[in-house]
Amino acid sequence: MLHATPLPEDLIDLPVVDAGQDVEVTVPATSANLGPGFDALGLALSLRDTVRVRTTSSGSTTVRPTGEGAGELPLDGRHLVARSLISTLHRAGRRAPGLELDTVNVIPHGRGMGSSASAIVAGVLAGNALLPAHEQMDAAHLLQWAASIEGHPDNVAPALMGALAISWESGRAFHSTRVEVHPDVIPVLAVPDLSLSTESARALLPASVSHSAAAANAGRAALLVQALGRNPSLLFPATQDAIHQDFRAPAMLPSATLLRALRAAGFASTISGAGPSVLTLAVGEAGASAAEETLHRLIGAGDTPGAWRVLRLAVEREGAKMGRHHG
Ligand SMILES: Nc1ncnc2c1ncn2[C@@H]1O[C@H](COP(=O)(O)OP(=O)(O)OP(=O)(O)O)[C@@H](O)[C@H]1O
Ligand SMILES: N[C@@H](CCO)C(=O)O
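Going by the annotation in an unreviewed UniProt entry, the name recorded for the chain is Homoserine kinase, with Arthrobacter pityocampae given as the source organism. Here the chain is described in UniProt, under the heading Subcellular location (unreviewed entry), as follows: "Cytoplasm". What UniProt records for the chain under Sequence similarities (unreviewed entry) is the sentence "Belongs to the GHMP kinase family. Homoserine kinase subfamily."

Colleague: Would you take a moment to explain the pattern of salt bridges for this structure?
Modeller: Side chains that differ in charge, positive against negative, can pair when their charged atoms come close. For the structure on display, the rule yields 15 salt bridges. A salt bridge links Arg-52 to Asp-22; its shortest N-O distance comes to 2.7 Å. In this pair, Arg-52 is assigned in strand E2 (residues 37-55) and Asp-22 in strand E1 (residues 22-33), connecting sequence segments 30 residues apart. By relative accessible area, which is 24% here, Arg-52 ends up partly exposed. Relative accessible area serves as the criterion here: at 12%, Asp-22 is assigned to the buried category. Several salt bridges converge on common partners, so that one network encompasses Asp-22, Arg-52, Arg-54, Arg-64, Glu-100 and Asp-102.

Colleague: Can you help me understand the site of ligand 2 in this one?
Modeller: By nearness alone, every residue bordering ligand 2 is listed as Ala-32, Asn-33, Phe-38, Asp-39, His-152, Asp-154, Asn-155, Thr-198, Arg-202, Arg-248 and Ala-274. Side-chain polar atom of Asn-155 to an oxygen atom of ligand 2: 3.2 Å apart, as the coordinates give it. Here the shell around ligand 2 is composed, by residue class, of 3 nonpolar, 4 polar and 4 charged. When residues of the shell around ligand 2 are sorted by domain, at least three fall in each of domain 1 (9-176 + 316-324) and domain 2 (185-312).

Colleague: Looking at this structure, I do not really get the domain arrangement of the chain. What am I missing?
Modeller: For interface size, the figure often reported is the accessible area lost on association. Here the domain parsing of the chain yields domain 1 (9-176 + 316-324) and domain 2 (185-312). Inter-centroid distance (C-alpha atoms) of domain 1 to domain 2 is 26 Å. Listed per partner, the contact involves 23 residues of domain 1 and 37 residues of domain 2. Summed over both partners, the interface of domain 1 with domain 2 comes to about 2000 Å²; 64% of that surface belongs to carbon and sulfur atoms. Of all residues in domain 1, the largest losses of buried area upon contact with domain 2 belong to Pro-36, Phe-38 and Arg-111, amounting jointly to 33% of the total for that side. On the surface where domain 1 and domain 2 come into contact, there are 2 salt bridges. A salt bridge links Glu-68 to Arg-309, with the shortest nitrogen-to-oxygen separation between them at 3.5 Å.

Colleague: In this structure, what is going on with the packing of helix H9 (residues 253-264) against helix H10 (residues 284-300)? I would like to understand it.
Modeller: Between two packed helices, what matters for the description is the angle formed by their axes and the separation of those axes. The N-to-C vectors of H9 and H10 enclose an angle of 135 degrees; their axes lie 11 Å apart at closest approach. One element, H9, and the other, H10, form an angle in the oblique class. Regarding H9 and H10, the two cross each other, and that crossing is right-handed. Between H9 and H10, the contacting residues are Leu-258, Ala-261 and Leu-262 on the first element and Thr-294, Leu-295, Leu-298 and Ile-299 on the second. Class assignment for the residues of the contact of H9 with H10 results in 6 nonpolar, 1 polar and no charged.

Colleague: When you look at the sheet that holds strand E9 (residues 278-283) in this model, what are you seeing that I'm missing?
Modeller: Strand pairing in a sheet is mediated by backbone hydrogen bonds. Such pairs are either parallel or antiparallel. Overall, antiparallel pairing links the 4 strands, which are arranged E8-E9-E7-E10 in an open sheet. Only two strands of the sheet have a single partner each, and these edge strands are strand E8 (269-271) and strand E10 (308-312). The average angle at which neighbouring strand axes cross in this sheet is 20 degrees, direction not considered. Bridge count between E8 and E9: 3 bridges; the pairing is antiparallel. By the bridge assignment for E9, Ser-269 is matched with Thr-280.

Colleague: Looking at this structure, I do not really get the UniProt feature "binding site: ATP" (unreviewed entry) in the chain. What am I missing?
Modeller: As recorded in UniProt, the feature "binding site: ATP" (unreviewed entry) lies at Pro-108, His-109, Gly-110, Arg-111, Gly-112, Met-113, Gly-114, Ser-115, Ser-116, Ala-117 and Ser-118. You can see Pro-108 is positioned in the loop between strand E4 (99-105) and helix H2 (115-130). Residue Pro-108 is classed as buried on the basis of its relative accessible area, which comes to 2%. Beyond its immediate sequence surroundings of up to four residues, Pro-108 is in contact with Leu-47, Glu-68, Met-113, Ser-115, Val-191 and Arg-309. Take Gly-114: its relative accessible area is 9%, and that puts it in the buried class. The residues contacting Gly-114, other than those within four sequence positions of it, are Thr-30 and Asn-155.

Thresholds applied
- Residues numbered from 1 in each chain as written.
- Chains lettered and ligands numbered in written order.
- Predicted model: local features only at pLDDT ≥ 70, side-chain atom pairs only at ≥ 80, totals over all residues.
- Heavy atoms only, no water.
- UniProt positions renumbered as here; feature names shortened; annotations may be inferred.
- Salt bridge = Lys/Arg side-chain N within 4 Å of Asp/Glu carboxyl O.
- Helix = DSSP H or I, 4+ residues; strand = E, 2+ residues; numbered from the N terminus.
- Buried < 20%, exposed > 50% of the residue type's maximum accessible area, 1.4 Å probe, protein only.
- Near = heavy atom within 4 Å.
- Polar contact = N/O pair within 3.5 Å; in protein donor to acceptor, adjacent residues only side chain to side chain.
- Nonpolar A, V, L, I, M, F, W, Y, C, P; charged D, E, K, R; others polar.
- Domains from an automatic or database assignment.
- Contact = heavy atoms within 4.5 Å.
- Buried area = accessible area lost by both parts, 1.4 Å probe.
- Axes fitted to C-alpha atoms, helices over the stretch in contact; angles between N-to-C directions.
- Parallel < 35°, antiparallel > 145°, perpendicular 65-115°, else oblique.
- Left-handed = near helix turned anticlockwise from the far one by under 90°.
- Pairing = 2+ DSSP bridges.

Right, here's the structure in full:
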């Protein structure tokens, strides 16, 4: 992920974008990996963060966050949305005359629900919208730029496009295609009160995996696209992973325990993103109710310490949305 960088001296002379602009962007949460699709598959979820950006002539950047993370996040240009916005302007050879950001955060942070990707997408889209029309990036470049800031495309792509995104890397370029999800698929999330940074979770992964594990994941990931798009009855075998969840389990033991119990009960459950939330892909309203009841029972049994939130969501069909305030 992008790290805080002070404005280098040679950027101070960049031309500014217009002051007095007022844009708003909303971006969905996402769940990446979905079991076997490590760094490739991601699903948009029906929770949205909102960011309103005004360009001012103050010469400084002020962020007013509310909701998730408020009180912990930086209130200036180090804030991830602001950093992503500012770097998008610099990429185009521009800078802001001054910025005011108001953010309403609903997506939990460090829980495997794509909060950093949503923040980056919000900043990149807002920055792009502040540029003169002929300097703005198209959809392919927005994906490329946002994924290069995040480091991998699997959250950024569904945050931009909605539904299921299949992403791949070719050389240093990220690509993605959108797949419509079967209407019976209902995501149910179990979100613990402890957070885990993606950076720490990635540090637990081995440099290589066996040929047989890679082959198993390739088959299940292919099956998962069919299961999510057309035949949800295949979701249980399609969500089996062999290359990342076990390696990360020591950093999220309650989540690993919950995942094992859910799969033993026949639910298509995975670790959401880098964890520690647990995602269940339920089928139909009855399936989602059964998942919720099972989750409450397992959490109540005391084998998974800590406080948990159970969220019955929907697959979000729409990706990030931009608007502009006038007057
Ligand atoms: N809306 C936001 N505004 C500012 N910073 C944010 C926001 N959302 C996330 N961040 C930053 O990103 C960090 C979380 O990112 P991280 O990649 O570790 O987890 P995640 O994106 O929530 O989970 P995952 O990538 O596994 O889905 C937060 O601790 C915070 O520093
Ligand atoms: N594919 C990423 C998703 C979390 O950002 C990971 O598991 O590390």
